[in-house]
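The chain contents come next:
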Amino acid sequence: DVEAPGISKEQAFVKVFKMAQDRFKTQNDDRGRILYQDIDEGTVVCWGEEYLVFTQKALVLDRATMLYQVSYTCREGGCSMEVSRIRYTYGESPKPIYAEEWITDKHAYDKKRNRLIRGSDKFRIKTIDLVEELQELLKKTLEIPANAGQVGSENGVLPVPVLKHTLSAEVM
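Basis of the calculations
- Residues numbered from 1 in each chain as written.
- Predicted model: local features only at pLDDT ≥ 70, side-chain atom pairs only at ≥ 80, totals over all residues.
- Heavy atoms only, no water.
- Helix = DSSP H or I, 4+ residues; strand = E, 2+ residues; numbered from the N terminus.
- Expected span 1.5 Å × (residues − 1).
- Buried < 20%, exposed > 50% of the residue type's maximum accessible area, 1.4 Å probe, protein only.
- Arc of directions from axis to C-beta.
- Contact = heavy atoms within 4.5 Å.
- pLDDT = per-residue confidence, 0-100.
- Polar contact = N/O pair within 3.5 Å; in protein donor to acceptor, adjacent residues only side chain to side chain.
- Axes fitted to C-alpha atoms, helices over the stretch in contact; angles between N-to-C directions.
- Parallel < 35°, antiparallel > 145°, perpendicular 65-115°, else oblique.
- Left-handed = near helix turned anticlockwise from the far one by under 90°.
- Nonpolar A, V, L, I, M, F, W, Y, C, P; charged D, E, K, R; others polar.

1. Quick look at helix α1 (residues 9–23)
Then, number 1: With 15 residues, α1 extends 21 Å from end C-alpha to end C-alpha; this agrees with the ideal 21 Å at 1.5 Å per step.
Then, number 2: Residues of α1 that are buried: Ala12, Phe13, Val16, Phe17, Met19, Ala20 and Arg23. Taken down its axis, α1 places every buried residue within 165 degrees of arc, on the same side.
Then, number 3: Among the structural elements, β2 (32–38), β3 (43–56), β4 (61–75), β5 (78–90) and α3 (120–141) are those in contact with the buried residues of α1.

Have a look at this one:
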């Protein structure tokens, strides 16, 4: 959840919808599209397609395509975000790799559970980076000050935003 004290559900929805239009545009930039929006529910659901670039050198490009759904649910004083239905296409294989079979704790760690397994590690790290990027974009969209929670504002202490995002993987 991203907390934005004082913002109405409708204000949050309008800001999130505008951000989603910009972030998930389709013209000449296949990053995805908006699948569903409802101002009464405060819901915006988007489909995303991104390249996860693992290595990029002069003669080497190691990347995968990540497909996912992100759902924003706006409410009085904030908005929550959930990323789901994550899958990857990698290399020459047309068969998708589903996140729940590749990057979850059960599949991504070695038997001792102290190291990520080589191969799935890069997918897990890049997926978490993308989710954190989306979370930061939501935070900026709702105009949460960078110094939130620090002493020194006109009123003394600014409210601390509570950040929590859900990274789940569901099969489409």
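2. Considering the confidence of the model for the protein chain
Then, number 1: Here the protein chain averages 80 in pLDDT, and 76% of its residues register 70 or above.
Then, number 2: Counting interchain partners and residues more than four positions distant, the pLDDT-below-50 stretch residues 148–172 has 56 contacts.

3. What to know about the side chain of Gln69
Then, number 1: Along the chain, Gln69 turns up in strand β4.
Then, number 2: Taking the relative accessible area as the measure of exposure, Gln69 reaches 14% and is therefore buried.
Then, number 3: A distance of 3.5 Å separates a polar atom in the side chain of Gln69 from a polar atom in the side chain of Arg85.
Then, number 4: What Gln69 contacts, discounting residues up to four positions off in sequence, is Leu35, Val45, Cys46, Trp47, Glu82, Val83, Ser84 and Arg85.

4. Examining the packing of α1 against α3
Then, number 1: For the pair α1 and α3, interaxial distance at closest approach is 10 Å and the crossing angle is 135 degrees. With respect to α3, the element α1 is oriented oblique. In the crossing of α1 with α3, the sense of the turn from one axis to the other is right-handed. Every residue of α3 that contacts α1 at Lys15, Val16, Met19 and Arg23 is listed here: Leu130, Glu133, Leu134, Leu137, Leu138 and Thr141.
Then, number 2: Taken together, the residues that form the contact of α1 with α3 break down as 6 nonpolar, 1 polar and 3 charged.

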